[in-house]
Amino acid sequence: MFTSRKRKAVDDDPADSQNHPRKLPAISENNLPLRLSKVLPNVTTRPTTRSKGLGLTVPQASTSTAAAARRTTRATSAPPKNEPVRPPARPTVGARNAAGRTVSGLLKGKTNDDPRFQALQEQVTSIESARAADAARLAALMEAEQRKLEGLQSDHQALSKELTEARSQELSQRRELVNVSDELEALKRKHANELMDLEMEIKKKEREIRELKEDLRLCQEDLDRERDSVKTLKSTVSHQSTTQLTLTTQVTALQAQLSALQGALDMSCNSSSQLKLELEAERKRVAELAEENRAAETLRRKLHNMVQELKGNIRVFCRVRPLLPSDLSSDGTMKHVGSTNSRNANSPSPTPGTDGSLIESMKAEIAFPDKLDRKEIILRASSESATGQERKDEWAFSFDRVFDPRSTQAEVFEEISLLAQSCVDGYNVCIFAYGQTGSGKSFTMEGGPTATNAGMIPRAVEEVFKVAEELQIKGWTYTMEGQFLEIYNETINDLLGKGEFDKKKHEIKHDKSGRTTVTDVNVIPLKSPSQVRSLLSIAQSRRTVASTLMNERSSRSHSVFTLRIAGENAATGETCEGTLNLVDLAGSERLEKSGAGNDKDRLKETQSINKSLSALGDVVAALGEKGEGKGDKHIPYRNSKLTYLLQNSLSGNSKTLMVLNLSPLASHLNESLCSLRFATKVNNTTLGTARKQIKGSS
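Definitions and limits used
- Residues numbered from 1 in each chain as written.
- Predicted model: local features only at pLDDT ≥ 70, side-chain atom pairs only at ≥ 80, totals over all residues.
- Heavy atoms only, no water.
- Core = buried A, V, L, I, M, F, W, Y, C linked by side-chain atoms within 4.5 Å.
- Buried < 20%, exposed > 50% of the residue type's maximum accessible area, 1.4 Å probe, protein only.
- Helix = DSSP H or I, 4+ residues; strand = E, 2+ residues; numbered from the N terminus.
- Contact = heavy atoms within 4.5 Å.
- Expected span 1.5 Å × (residues − 1).
- Phe/Tyr/Trp six-rings, centres within 6.5 Å; stacked < 30°, edge-to-face > 60°.
- Salt bridge = Lys/Arg side-chain N within 4 Å of Asp/Glu carboxyl O.
- Axes fitted to C-alpha atoms, helices over the stretch in contact; angles between N-to-C directions.
- Parallel < 35°, antiparallel > 145°, perpendicular 65-115°, else oblique.
- Left-handed = near helix turned anticlockwise from the far one by under 90°.
- Nonpolar A, V, L, I, M, F, W, Y, C, P; charged D, E, K, R; others polar.
- pLDDT = per-residue confidence, 0-100.
- 1 Å grid on protein atoms, 1.4 Å probe; cavity = no way out; pocket = protein on both sides within 12 Å on 5 of 7 lines; lining within 4 Å.
- Points joined across faces, edges and corners; volume = space filled by probe spheres on them.

Enquirer: Hey, could you go over the nonpolar core for me, with residue numbers and the actual values?
Expert: Counting 49 residues, the largest nonpolar core has C318, I377, F399, L585, M658, L660 and L676 as the members making the most contacts within it. Listed by contribution, the elements that provide at least two residues to this core are β3 (314-320), β5 (376-384), β8 (428-435), β9 (476-488), α12 (600-627), α13 (641-645), β18 (654-662) and α15 (669-683). Residue contributions to this core peak at seven residues, all from α12. The contacts of C318, once residues within four sequence positions are left out, are I377, F399, R401, V402, F403, L660, L662 and L676.

Written as structure tokens, this is what we have:
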């Protein structure tokens, strides 16, 4: 960079480069050139100027000379590029003489005796002599400064030359350094490649050594096995020799036995003829017993159906669930659910196991007076009248069977298992759970994860498979298929479908034979109860649930599991078809207690649930009026998708069982009373006689 600047300066002003020394730019501590700064000197006009280092008095320069002298100074170590300022030229002696003569001539006209003239003349003479002395001194001073300047210029040129040579040398050294660095990198890469090749070669040799060692070990093992085989063969040969002698002895003994057996065979042939005659007689007896068994099976089915008809086509069971840990808040007190008229609805309750009296205060007062038949349930409550007196209320209800909170799933299903037999016999069976939200309907129908807590759906399916397997020895073969639907906001969804809900429009169709079908749903062939359990898991994961104030996992839809059974008896040619509908109804609830009114989706769900349950009540009421002989009463099945789907189960063509679920909490007493009154209405309803679905004999 410095070299290029100097070349540019030489190219711009070659004349100055010959007459004046080159300037070197000022270099800072970090080897960067300093910027030039222009300073205007604060010059004060004086009559005379005293030169530096000399006691000479110089006459004042003219205005033009002073203006030229005010120039910018450079912050550099080199002398300025302009020529040094020279003093104004002294007038020559001839000029001074001419001036003197002119002055003398001018003064000749005056009186020579004037003293002022003489004084002026003397003064002029002294000034001229002083000027001559000053001019001589200035000339000597200028010559000395000129010599110094020439010396500085020569030094500057020498230094510039040395700097140029130093820079050239530095560039060459840098080039050499770059070349050496490239060679060093190339050597490093070559060394790394060679080192990598050597490492790969070492790994290859090590792998070969391991393989050779493994081969050597295998060969050693083979050699040991061969040695063991040789030893074994030697011992076997010696043992065979001994065995041969033993066998020879045995052959002799067997020959003697053969003679004895030949005689026994002749006796057996004689007895065989007699056994054949006895076998033929037994076969005839078996055929007669099989015919009697088929007649007994027909009689059993007829008697079984008569028993179910005597019990009623619509039967109602009532089940009260136990108090659960989820009914308690995290601090051990009872969760407050809406408003209630019960006297202990807001009383605190500890965690289970701390204070039994406080836990009992959470429960509604429910009694089961009928210990033998277990058909009655009584609810009691205390309230305060307007006068401040305590008033006790009591409500008694009677059903086909009542289960207290200690009843297990197995005990409940024991009363339902006979309906599974009816389904196999060719009847339509419908079992549905009814009750408020959080009363345990889903647990009753679907159950828990363990076999002990299995619900009515898996137990009923297992019982159907069990009965069908038992009837195989009587000539019956059965095929089964199932479907799982939910009714959500009056829309039918396929819980076993692969796509999302509401993609297909499902329609309910009833044929003249009493068969109900739903269009565009997946019907799965069933081979075992375990397959049904897996389908239940899939359906539970797809069913619509939500959290409300009354239940953290509330079912927001009605679920319907349908099991169709087709049987055929090859011996008699008889065929039959039965349908088992297992329904888990969504819980009835009140908006002010469930908190659904604060959520638009929950509000719509609650309205749809209550509407469908109200439609179910209207159907039951209409059926009751029709059963009392009040004429041809219209049954409003089409008011709801739920009642229209269960039309054949409620119209007298099916054996129907309703399981009423109740909550034990005192805060749910009003909802429990509403459910009990509805169940009583259903229990008092009379339907027609269920008919067996028989296709006929071939």
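Enquirer: An account of helix α9 (residues 456-470) is needed here, citing residue identities and associated values.
Expert: Taking 1.5 Å per residue, 15 residues should reach 21 Å; α9 reaches 21 Å between its end C-alpha atoms and fits that length. Looking at α9, one finds that the buried residues are M456, I457, P458, R459, A460, V461, V464, F465, V467 and A468.

Enquirer: Explain the packing of aromatic side chains to me, using residue names and the numbers behind them.
Expert: A full pass over the atoms with the stated rule returns four aromatic pairs. Taking 4.7 Å as the distance between ring centres and 35 degrees as the angle between the ring planes, the aromatic pair formed by Y434 and F678 counts as tilted. Of this pair, Y434 sits in strand β8 while F678 sits in helix α15; the two residues are 244 residues apart in sequence, bridging distant segments of the chain. The pair Y434 / F678 is uniform in exposure class, with both members buried. Between the aromatic rings of W476 and Y478, the centroid separation amounts to 5.9 Å while the plane-to-plane angle is 20 degrees, which identifies the pairing as stacked.

Enquirer: Give me the lowdown on the pattern of salt bridges, citing residues and values where you can.
Expert: The final tally for this structure, using the stated rule, is 13 salt bridges. The partner of D134 in a salt bridge is R137, with the nearest N and O atoms 2.1 Å apart. On the criterion of helical spacing, the pair formed by D134 and R137 is a turn pair, its members being three residues apart in helix α5 (residues 115-311). For D134, a relative accessible area of 22% corresponds to the partly exposed category. Here R137 falls in the partly exposed class, since its relative accessible area comes to 38%. A salt bridge links E577 to R515; its shortest N-O distance comes to 3.6 Å. In this pair, E577 is assigned in strand β17 (residues 575-584) and R515 in the loop between β11 (508-510) and β12 (516-518), connecting sequence segments 62 residues apart.

Enquirer: Tell me about the packing of α9 against helix α10 (residues 529-542), residues and numbers included.
Expert: Axis separation between α9 and α10 bottoms out at 9 Å; the angle between their running directions is 160 degrees. Taken together, the axis directions place α9 and α10 in an arrangement best described as roughly antiparallel. The crossing of α9 and α10 is right-handed. On α10, the residues touching I457, P458, V461, E462 and F465 of α9 are P529, V532, R533 and L536. In the contact of α9 with α10, the residues fall into seven nonpolar, no polar and two charged.

Enquirer: Go over the confidence of the model for the protein chain with me, naming the residues and quoting the values.
Expert: Confidence in the prediction of the protein chain, expressed as mean pLDDT, is 76, and 70% of residues score 70 or more. Taking the mean pLDDT of every element in the protein chain, the minimum, 39, falls on strand β1 (residues 48-50) and the maximum, 92, on strand β7 (residues 401-403). pLDDT under 50 marks residues 1-85. Its contacts with residues more than four places away, or in other chains, come to 82 contacts.

Enquirer: A description of the packing of helix α7 (residues 409-424) against α9 should follow, citing residues and the corresponding values.
Expert: Interaxial distance between α7 and α9 falls to 9 Å at its minimum, and their mutual angle equals 45 degrees. Considering their axes alone, α7 and α9 lie oblique with respect to each other. For the pair α7 and α9, the crossing hand works out as right-handed. Within the contact between the two elements, α7 uses Q409, A410, V412, F413, I416, S417, A420, Q421 and V424 and α9 uses M456, R459, A460, E463, V464 and V467.

Enquirer: Can you break down empty space enclosed by the protein residue by residue, with the values?
Expert: One pass over the full model with this rule turns up four cavities of 30 Å³ or more. Computed from the structure, the largest cavity encloses a volume of approximately 170 Å³. When contributions to the lining of the largest cavity are tallied by element, the ones reaching two or more residues are β9, β12, β16 (558-569), β17 and α14 (647-650). The biggest single contributor to the lining of the largest cavity is β16, with three residues. When its volume is computed, the second largest cavity comes out at roughly 50 Å³. Forming the boundary of the second largest cavity are I487, N489, E490, R556, S557, H558, S608, I609 and S612. Per-element tally for the lining of the second largest cavity: the top contributor is α12, with three residues. Each residue belonging to the lining of the second largest cavity can be placed in one class, and the counts come to two nonpolar, five polar and two charged.

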